[in-house]
Amino acid sequence: MSLNKPEKFKGPEYWPAVVLLLLCSDAIAVSLSYLLALWLRFGRTYWMIPESYLRAWKQFSPLYTALCLGVFAFVGLYSRQINLGRLWRLLCFCAASLMASVAHAALIVTLWCRMPNSYLVGGAALQFFFVVSIRLLIWLVFRLIEMRKIKERDRLARELLDSRRSARADRMQQSMDYQPEE
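**Q** Explain the overall build of the protein to me, please; I cannot follow it from the model alone.
**A** For the protein, the count of helices and strands is four helices and zero strands. Scanning the protein from its N terminus toward the C terminus, one meets helices and strands in the order α-α-α-α. Sorting the 182 residues of the protein into buried and exposed places 33% on the buried side. Carbon and sulfur atoms make up 65% of the accessible area of the protein, which amounts to about 12200 Å² in all.

**Q** Explanation requested: the nonpolar core in the structure shown.
**A** A general trend in soluble globular proteins is that nonpolar side chains are found buried together. With 39 residues, the main nonpolar core has Leu38, Tyr53, Tyr64, Phe72, Ile108, Met115 and Tyr119 as its most contacted residues. Broken down by secondary-structure element, the contributors of at least two residues to this core are helix 1 (15-41), helix 2 (51-75), helix 3 (87-111) and helix 4 (117-177). When near neighbours in sequence (up to four residues on either side) are disregarded, Tyr53 contacts Leu38, Phe42, Cys113, Arg114, Met115 and Pro116.

**Q** Hey, could you run me through the pattern of salt bridges in this one?
**A** Opposite charge on two side chains permits pairing when their charged atoms draw close. A complete count under the given rule lists four salt bridges for this structure. Between Glu146 and Arg143 there is a salt bridge, and its shortest N-O distance comes to 3.0 Å. Of this pair, Glu146 and Arg143 both sit in helix 4, three residues apart, which is roughly one turn of the helix. Overall, Arg143 belongs to the partly exposed group, its relative accessible area being 34%. The salt bridge involving Glu159 is made with Arg155; its shortest N-O contact spans 2.3 Å. Residue Glu159 and its partner Arg155 are both found in helix 4; the two are separated by four residues, about one turn of the helix. Taking relative accessible area as the criterion, Glu159 reaches 41% and is therefore assigned partly exposed. Exposure remark for Arg155: the relative accessible area of 32% places this residue in the partly exposed category. One salt-bridge network, held together by shared partners, links Glu152, Arg155 and Glu159.

**Q** Help me understand the packing of aromatic side chains in this model?
**A** The geometry of two aromatic rings is summed up by the distance between their centres and the angle between their planes. Tallying each qualifying case throughout the model produces five aromatic pairs. Plain terms: the ring middles of Phe42 and Tyr53 are 5.8 Å apart, the flat faces sit at 35° to each other, and that makes the pair tilted. Linking Phe42 in the loop between helix 1 and helix 2 with Tyr53 in helix 2, this pair joins segments that are 11 residues apart in sequence. Each member of the pair, Phe42 as well as Tyr53, is classed as buried. Grouping aromatic residues by their ring pairs yields a cluster made of Tyr34, Phe60, Tyr64 and Tyr119. Just above the ring of Phe42 sits the side chain of Arg41; from NZ or CZ to the centre is 4.7 Å.

**Q** Would you mind showing me how to read unusual backbone geometry here?
**A** Only a minority of non-glycine residues have a phi that is not negative, and only a minority of peptide bonds are not trans. Unlike most non-glycine residues, Arg44 shows phi in positive territory, near 55°. Tracing the chain through its elements places Arg44 in the loop between helix 1 and helix 2.

**Q** So what exactly am I meant to see when it comes to the environment of Ala29 here?
**A** On the secondary structure map, Ala29 appears in helix 1. Counting along the chain gives 100 residues from Ala29 to Phe129, while the straight-line C-alpha distance between them is 9.3 Å. With near-sequence residues (within four places) excluded, Ala29 lies in contact with Phe130 and Ile134.

Procedures and definitions
Residues numbered from 1 in each chain as written. Predicted model: local features only at pLDDT ≥ 70, side-chain atom pairs only at ≥ 80, totals over all residues. Heavy atoms only, no water. Helix = DSSP H or I, 4+ residues; strand = E, 2+ residues; numbered from the N terminus. Buried < 20%, exposed > 50% of the residue type's maximum accessible area, 1.4 Å probe, protein only. Areas by Shrake-Rupley, 256 points an atom, 1.4 Å probe, with all protein chains shown as cover. Core = buried A, V, L, I, M, F, W, Y, C linked by side-chain atoms within 4.5 Å. Contact = heavy atoms within 4.5 Å. Salt bridge = Lys/Arg side-chain N within 4 Å of Asp/Glu carboxyl O. Phe/Tyr/Trp six-rings, centres within 6.5 Å; stacked < 30°, edge-to-face > 60°. Lys NZ or Arg CZ within 6 Å of the ring centre and 35° of its normal.

Worth remembering: the numbers are spatial, not functional.
What follows is the structure, given as structure tokens:
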């Protein structure tokens, strides 16, 4: 490993645990985003939500969560490279969220009951916000870890360089102090 070459960041070696965390947090975010949209639609009071809407959400939520996780995996949101700085990655986030939201609107309206438009649009917006926020948070944590590793590597390189300089200075001093006996 060269000290001058930066290593390309591909994700930690404990990536399966991170993927499991992403799956769980996505499942929670996807399910709760549409419930939160219902809650916001009906005046931020849970008991004001009509029973037919709650029943439809409860029955459809597990199916939609599985569908969303499948779409997210298909688009590559669980890949090892977490790089939000790329435009194509942001487009993947947008495409996955849009595909899942369109599927949600089509399936819940055709299979269960007609839901309010604010539920469909608000749930889609909240879902996108939560999914991107989760990934942004994980990306920031990884970047902080990476920066910490780089700082530690640079510190060790400086220490090694300083020790070499001091050893060279010691050798020079010893050679200058050496007086051959006559």
